[in-house]
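If you want the building blocks of each chain, they are given just below.
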Amino acid sequence: EAQVTQNPRYLITVTGKKLTVTCSQNMNHEYMSWYRQDPGLGLRQIYYSMNVEVTDKGDVPEGYKVSRKEKRNFPLILESPSPNQTSLYFCASRLSASSAYEQYFGPGTRLTVT
Amino acid sequence: ELKVEQNPLFLSMQEGKNYTIYCNYSTTSDRLYWYRQDPGKSLESLFVLLSNGAVKQEGRLMASLDTKARLSTLHITAAVHDLSATYFCAVDMYGNKLVFGAGTILRVKS
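Thresholds, definitions, all that
- Residues numbered from 1 in each chain as written.
- Chains lettered and ligands numbered in written order.
- Predicted model: local features only at pLDDT ≥ 70, side-chain atom pairs only at ≥ 80, totals over all residues.
- Heavy atoms only, no water.
- Pairing = 2+ DSSP bridges.
- Helix = DSSP H or I, 4+ residues; strand = E, 2+ residues; numbered from the N terminus.
- Buried < 20%, exposed > 50% of the residue type's maximum accessible area, 1.4 Å probe, protein only.
- Contact = heavy atoms within 4.5 Å.

## Things to note about the pairing of strand β3 (residues 19–25) of chain B
Residue and element names in this part refer to chain B. As judged from the four bridges shared by strand β1 (residues 4–7) and β3, these two strands associate in the antiparallel manner. The residue bridging Gln6 from the neighbouring strand is Cys23, located in β3. Where β3 lies against strand β8 (residues 71–76), six bridges are found, and the strand directions are antiparallel. Looking at the pairing, Ile21 lines up with Leu74 of β8.

## Points about unusual backbone geometry
In this structure, Pro8(A) follows Asn7(A) across a cis peptide bond, with omega equal to -5 degrees. Relative to the assigned elements, Pro8(A) resides in the loop between β1 (4–7) and β2 (10–13). A cis amide bond links Asn7(B) to the next residue, Pro8(B), at an omega of 0 degrees. Position of Pro8(B) among the secondary structure elements: in the loop between β1 and β2 (10–14). With a phi angle near 65 degrees, Glu53(A) is a residue other than glycine that sits in the positive phi range. For Glu53(A), the location among the structural elements is in the loop between β5 (42–51) and β6 (54–57). By relative accessible area, which is 61% here, Glu53(A) ends up exposed. A positive phi angle, near 50 degrees, is found at Ala78(B), a position not held by glycine. Residue placement: Ala78(B) occurs in the loop between β8 and β9 (85–93). Given a relative accessible area of 24%, Ala78(B) falls into the partly exposed group.

## Description of the environment of Asn7(A)
All names here are of chain A. Within the secondary structure layout, Asn7 lies in strand β1. Since its relative accessible area comes to 44%, Asn7 is described here as partly exposed. Setting aside its immediate chain neighbours within four residues, Asn7 contacts Thr20, Val21 and Thr22.

Following this line, the structure appears as structure tokens:
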């Protein structure tokens, strides 16, 4: 089954404790992206990747890092999480950035930073 | 900077009624997407609109795109309870990212 998977689905952590949210897709998509969803703000892009080893900042990259060493994986790293990063996070993938195909979204990761 | 505005942000409607959700955006784009999100769930793709005048229909939902007016609409016909969800429009910005509207929470009352 074609899908985007994320782990963990739920995470409660404390300020300053480094964490990684994994994202994997099995559709051989070139383009992957991370979003955060906050009430009343819709989804905002954090980082995106056009292909392996090619990443760039989205609208709200502060406090986040990403890497794209393999085509299928695009982890999101919070080096020193803070309470304002409490949010619902979605990973998404698309065949390529230039394609007009839809983006496929993962199930989401609900992160709480205390 | 591309801005995407949806209205209304909250819509409560009776079953059987018709209504339209509007999505305005601030800069030129000819790709627009509509998504549905159920509570606690991920986003489900509804429509991909790729050119001026594009119209797509699925069941009781119909989406259209007017790139000259920078406006897309999602029209709901004879609403049913199962359509209750949050609906997002998203505009494709040069293929690099999608910029989302804030979402419209739709509640259909029986």
